[in-house]
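Here is how the chains run, residue by residue.
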Amino acid sequence: MLSRTTTSTAAALIHGLERYSVSTLGRQLTLRSTYASVLSRHFSSHTDVPTIDLAQLQATIFSQTAQISRDLSSRGYFTTVSLLPLDEVTTLRSQAISLRKEGRYVPSFSEKLVGDTIQRFDKEGVYACEPDGGDYYTAPDLISYIATILQTLPPALNDEEETRDNELSNAAFNAKLAVTTGGSRYPCHIDNPVGNGLDVRKLTAILYLNPAWKEGDGGEIRLFVKDEEEVKPVDLSPVGGRLLLFWSDEIPHEVLPTACSGHSSENDDVCEKSALDVYSESDRYALTVWIPTDNRGVLHDERSKFASLKDLVHFG
Ligand SMILES: O=C(O)CCC(=O)C(=O)O
Ligand SMILES: [Fe+2]
């Protein structure tokens, strides 16, 4: 349990966040209320407080900032499997499930560029929620985690030589909690594929909330990165406590199918997708925070060493 002083620090961190709304590829992603107003209600009523150690989370990020910055600039991504201890990951997962039980998730869809047009497609068996300040009472640790990441990563990376030019912003962001059920996958995509001035997301930060994940459970994220002039796939398991960072406008990636929890009655090879209100241990939870840039000019920069990836990779 956090002491009052530490929690107040979290409130102060959160207080800096602004309302943010960006229309990305025609979709309105909106932060419905500020975390600050919810936290001020919280402090007057002394109800639940976050139990994850936010000060330790911040210290862990600061201790790895130099490596994060080096990896992002040299290979386009950074990952560690031990951002948080497993008991904290378990807490976050249970709050993610509570939000699902409250009906905060909706069926997920994505958009892809086909030639010059943007096509929308459903991601069958994938459900998503955009957590915001209004979710604080149900998910205090999830909301505090998001706030801590936002207040820690952008200034830390803006202080490092290799990543300073990206001018990451801690004033504006989008967050998404997604659950992938039996056999579902995400096709290959780039999170911010056009950089048309409305979508300014630069850094993708994913935390995986699957403390019981085992080898063979599937659901790996496959990044396409560069090895000399060749494209190299890198598969990373969604183990609980893994943090993955990569450039939102440059790194193609897909999510491989999760293992089946049941088979379709008609076809044994086809996984039974879970409905929105069916919960399974094998559900794959991921919490993504997208950090934007204050300088649109850095998006889709043709001089970047990763710029050619979008031409080399087959999407869809
Ligand atoms: O859950 C993952 O591993 C990646 C999800 C993803 O690519 C996305 O939400 O854009
Ligand atoms: Fe993505």
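Located above this text is the structure these notes cover.
Residues numbered from 1 in each chain as written. Chains lettered and ligands numbered in written order. Predicted model: local features only at pLDDT ≥ 70, side-chain atom pairs only at ≥ 80, totals over all residues.

**Side note on the nonpolar core**
With 59 residues, the main nonpolar core has I146, A205, L209, L245, V289 and I291 as its most contacted residues. If you tally residues by element for this core, the top one is helix α5 (residues 140–158), at 10 residues. Discounting residues that sit within four places of it in the chain, V289 has contacts with I146, I149, L150, F173, A175 and A205. (Core = buried A, V, L, I, M, F, W, Y, C linked by C-beta atoms within 7 Å. Buried ≥ 20, exposed ≤ 12 C-beta atoms within 10 Å, placed from the backbone. Helix = DSSP H or I, 4+ residues; strand = E, 2+ residues; numbered from the N terminus. Contact = placed C-beta atoms within 7 Å.)

**Digging into the site of ligand 1**
Every residue lining ligand 1 is accounted for by A178, Y186, D191, I206, I221, H253, V255, A286 and T288. Contributing elements (two or more residues each) for the shell around ligand 1: β12 (253–255) and β13 (284–292). (Near = placed C-beta within 6 Å.)

**Considerations on unusual backbone geometry**
Negative phi values dominate among residues other than glycine, just as trans dominates among peptide bonds. Backbone geometry places E167, a non-glycine residue, at a positive phi of 45°. Note that E167 resides in the loop between α5 and β6 (174–180). In this model, E228 sits at a positive phi of 55°, which is unusual for a non-glycine residue. Checked against the element boundaries, E228 lands in the loop between β9 (221–227) and β10 (230–236). For E228, a count of 5 C-beta atoms within 10 Å translates into the label exposed.

**Brief notes about the pairing of β13**
For β13, the tally of buried residues reaches 8 of 9 residues, placing the bulk of the element in the interior. Two elements, β6 and β13, share 7 bridges in a ladder whose sense is antiparallel. Pairing of V179 across the sheet is with Y285, part of β13. (Pairing = 2+ DSSP bridges.)

**Some thoughts on the environment of L276**
Structurally, L276 can be placed in the loop between β12 and β13. In this structure L276 comes out as partly exposed when scored by C-beta crowding, with 14 C-beta atoms within 10 Å. Discounting residues that sit within four places of it in the chain, L276 has contacts with Y105 and Y127.

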